[in-house]
Amino acid sequence: AYSYSTDTETFVVSTIASTGKNAHKFRRSRGTLWKIYNDDVSSSTNPVNGGSWAADGDIGDTSGDITSLFSYSDRPYIGRTDGIFQYDRGEDVWVDMTPEYTGLYHTDNFKYGTAHQGWFYLSTANGFFRFDGDNFQSLRNLIFPAGLEALGNRVKSMTTDGEFLYVLLEDGLAETSASKS
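Throughout what follows, the structure given in this document is the object of discussion. Computed from a predicted structure; not experimentally measured. (Residues numbered from 1 in each chain as written. Predicted model: local features only at pLDDT ≥ 70, side-chain atom pairs only at ≥ 80, totals over all residues. Heavy atoms only, no water.)

### Notes on the environment of leucine 122
One can find leucine 122 in strand β12 (residues 119–124). In sequence terms leucine 122 and methionine 158 are 36 residues apart; their C-alpha atoms lie 8.9 Å from each other. Once you skip the residues sitting within four places of it in the chain, leucine 122 turns out to touch Phe70, Ile84, Phe110, Tyr112, Gly113, Gly127, Phe128, Phe129, Phe136 and Met158. (Helix = DSSP H or I, 4+ residues; strand = E, 2+ residues; numbered from the N terminus. Contact = heavy atoms within 4.5 Å.)

Written as structure tokens, this is what we have:
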């Protein structure tokens, strides 16, 4: 069960019924708290005891797994093994922003991302992109995830300090094994 606090000193353990009290990831977007538990996405404007969580149903093809939960430009985004999905408040639906990834399941697709200087940066198993809310721009010429596990070079994390974007790449060739030398 998750815990919450109003003063960061005293914490209360959630007693919301069933799996409502469980979460793997949280993100806030426009007064709504979003959470992932297993492959279920839920939202709440009152997630404290006495409140509740609304289930948001299936997002995308249910054979793909959720890899991440982001907030960018005051909207929630769900990363999945088969695409990135943006919540449309007006229609109350999740929109697949990358239909070209349908069927291209990979556990590293849309797993890592961060907002930096007005852009939303995202990685996939074999790509690196930035998104301005409407359009994607490939940045593979800057950072090239090889897409071949033996070569490594996959994005493993990213963050920003406001001035710089930091990207951690796996160095699969640094190991000294017979298969990688």
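There is more to say after this.
### Notes on the packing of aromatic side chains
The relative placement of two aromatic rings is captured by the distance of their centres and the angle of their planes. Enumeration according to the criterion identifies 17 aromatic pairs in this entry. The interplanar angle of 50 degrees and the centroid separation of 6.2 Å between the aromatic rings of tyrosine 72 and tyrosine 77 together place this pair among those described as tilted. Here tyrosine 77 falls in the buried class, since its relative accessible area comes to 2%. An aromatic cluster is built from Phe70, Tyr72, Tyr77, Phe120, Phe129, Phe131 and Phe136, whose rings are joined through pairwise contacts. The ring of tryptophan 53 carries lysine 35 above its face, with NZ or CZ at 4.8 Å from the centroid. (Phe/Tyr/Trp six-rings, centres within 6.5 Å; stacked < 30°, edge-to-face > 60°. Buried < 20%, exposed > 50% of the residue type's maximum accessible area, 1.4 Å probe, protein only. Lys NZ or Arg CZ within 6 Å of the ring centre and 35° of its normal.)

### A few points about the sheet that holds strand β10 (residues 93–96)
Two modes of strand pairing occur in sheets, parallel and antiparallel, and in both the strands are linked by backbone hydrogen bonds. A sheet is described by the order of its strands in space; here four strands give the open sequence β7-β8-β9-β10, paired in antiparallel fashion. The open sheet has two edge strands, β7 (66–72) and β10, and neither has a second partner. Adjacent strand axes in the sheet meet at a mean angle of 25 degrees when their direction is disregarded. One ladder, built from four bridges, connects strand β9 (residues 83–88) with β10; its direction is antiparallel. When the sheet's bridge partners are listed, tyrosine 87 is paired in β10 with tryptophan 94. (Pairing = 2+ DSSP bridges. Axes fitted to C-alpha atoms, helices over the stretch in contact; angles between N-to-C directions.)

### Points about the pattern of salt bridges
When the charged atoms of two side chains lie near each other, side chains of opposite charge can form a pair. Counting across every chain of the model gives three salt bridges. With a shortest N-O distance of 3.1 Å, arginine 80 and aspartate 82 are connected by a salt bridge. Each of the two residues, arginine 80 as well as aspartate 82, counts as buried. Across the pair lysine 156 and aspartate 108 runs a salt bridge, and its minimum N-O distance is 3.9 Å. On the criterion of sequence distance, the pair formed by lysine 156 in strand β15 (residues 155–160) and aspartate 108 in the loop between β10 and β11 (113–116) is long-range, its members being 48 residues apart. (Salt bridge = Lys/Arg side-chain N within 4 Å of Asp/Glu carboxyl O.)

### Re the nonpolar core
Within the largest apolar cluster, 11 residues are counted, these being Phe70, Tyr72, Tyr77, Ile84, Met97, Tyr101, Phe110, Phe120, Leu122, Phe129 and Phe131. Taken together, the elements giving at least two residues each to this core come down to β7, β12 and β13 (127–131). The next biggest cluster of nonpolar side chains, apart from the first, holds 10 residues, and it includes Val41, Ile66, Ile78 and Trp94. (Core = buried A, V, L, I, M, F, W, Y, C linked by side-chain atoms within 4.5 Å.)

### Some remarks on the sheet that holds strand β14 (residues 136–138)
Taken in spatial order, the four strands make up an open sheet running β11-β12-β13-β14, and their pairing is antiparallel. In the strand order of this sheet, the two ends are held by β11 and β14, each with one partner. With direction set aside, neighbouring strand axes in the sheet form an average angle of 25 degrees. Sheet topology note: the β11/β12 ladder contains four bridges and is antiparallel. What sits directly across from alanine 115, in β12, is phenylalanine 120.

Keep in mind these numbers describe shape, not what the thing actually does.
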